[in-house]
Amino acid sequence: MEVDNDELVSVLPIHYSDTLSPNVHLHQFPLLARPLQIPPSAALAGKGIRARAKLMSRKFEIHVPVDTRPEVWNTEKSKDFGVAQHEGDREKNQEDQTKQREGEESRLRENRLLSEQIPQLGAYMLGVVRDGRLHFVPISETHQFRPTLTYLDIMSRKSRRSRGGGGSDTESDDGPPPDPDEVAPVVAPPKRDKRPVEVKEVQVSVRKPGDDKSLQGGMSAIRREMLLAIRAEEEEPWRSIEFCDGETAESDEVFESMFSRKEEHLECQTEITSFLKSIKGL
């Protein structure tokens, strides 16, 4: 590739704005083949996209109405899915706040997309070219949204119980593992064998705290932290937040507030050598 004949096409002044920081997030939808939008059948019925969040756990959930066209939707299956979804929400004390009409059957009326926060490698920026200027806005968090199908887990668990008979749940793996701090049930000791026991000599050595094998003792602490994090996330209530499509007036207002209108020049106080040394791999 020849680079000697490359020409400088244009020079863009760079503007930096952090007025919305730290509220600018990057939301990714790896499994969606089309933009996030309301199905036409749901839009005709006056339904919209809803959202809720657990701010302490940094979790977001988007509810998209289902496409109820007969050629792509099974009404009978939606009843079973709706009952299982409602049961799963009730078990975790995370029931949706939308009211259901009295006597109305539970149906699966929406697809849920749950977020997972992704660590950012370096500083992420949102760049927009406007009026011959390049505007940079810092991105504070990155989240990936994927469908959550917890109602299928509920139905699978019910199926295993029915096959086991009498409500058996020996194969069920739902819920977090038991807390190691909880007192274990008392089990009767087995009967002792009265035959004489052979005595053997055993040698015991003490290892230093820095030894690799001593890390096995810290697994309970790590597991306890994971259990506490799972419990805190489940106990935190959902908070409804307003979802605004890209074509709404609210979105236009936020978009306009991203651009910097100041002409103040920023001076870089970092030397080029220090900057290059900070780049990994160079």
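First, a word on what this report is: a plain description of the structure on this page. Just so it is clear, the model here is predicted, and its values are computed rather than measured.

A few points about unusual backbone geometry
One can expect most non-glycine residues to show negative phi and most peptide bonds to be in trans.
Here's step 1: At the junction of Ser 21 and Pro 22, the peptide bond is cis and its omega measures out at 5 degrees in the coordinates.
Here's step 2: Locating Pro 22 in the fold gives a position in the loop between strand E1 (14-16) and strand E2 (25-28).
Here's step 3: Although it is not a glycine, Arg 58 adopts a positive phi angle of roughly 60 degrees.
Here's step 4: Its place among the elements puts Arg 58 in the loop between strand E3 (50-54) and strand E4 (59-65).
Here's step 5: When its relative accessible area of 25% is taken as the criterion, Arg 58 is described as partly exposed.
Here's step 6: If you check the backbone angles, Asp 131 has positive phi at about 55 degrees while not being a glycine.
Here's step 7: The residue Asp 131 is located in the loop between strand E6 (124-130) and strand E7 (133-139) in this model.
Here's step 8: Asp 131 sits in the exposed class, given a relative accessible area of 71%.

Remarks on the environment of Glu 105
Here's step 1: Within the secondary structure, Glu 105 is located in the loop between helix H2 (75-91) and strand E5 (110-118).
Here's step 2: Separated by 26 residues in sequence, Glu 105 and Lys 79 place their C-alpha atoms 7.2 Å apart.

Section: the pairing of strand E8 (residues 141-147)
Here's step 1: For E8, the buried fraction is high: five of the seven residues fall into the buried class.
Here's step 2: The sheet contact formed by E2 and E8 spans four bridges and is parallel. Bridging from a neighbouring strand, His 27 pairs with His 143 of E8.
Here's step 3: Where E5 meets E8, six bridges bridge the pair, whose relative direction is antiparallel. Residue pairing for E8: Ile 118 is matched across the bridge by Thr 142.

Calculation rules
The numbers attached to residues start from 1 for each chain and follow its sequence in the written order. Per-residue local features of the predicted model are confined to residues with pLDDT of at least 70, and side-chain atom pairs are confined, for both listing and counting, to 80 or more; whole-chain, interface and lining totals are unaffected and use all residues. Hydrogens and water molecules were not included; the side-chain quantities draw on all heavy atoms of the structure. Strands are runs of DSSP state E lasting at least 2 residues, helices are runs of H or I lasting at least 4, and numbering of each runs from the N terminus. Buried residues are those whose accessible area, probed at 1.4 Å on protein chains only, stays under 20% of the maximum for their type, while exposed residues exceed 50% and partly exposed ones sit between those limits. Two strands make a pair as long as DSSP finds a minimum of two bridges between them.

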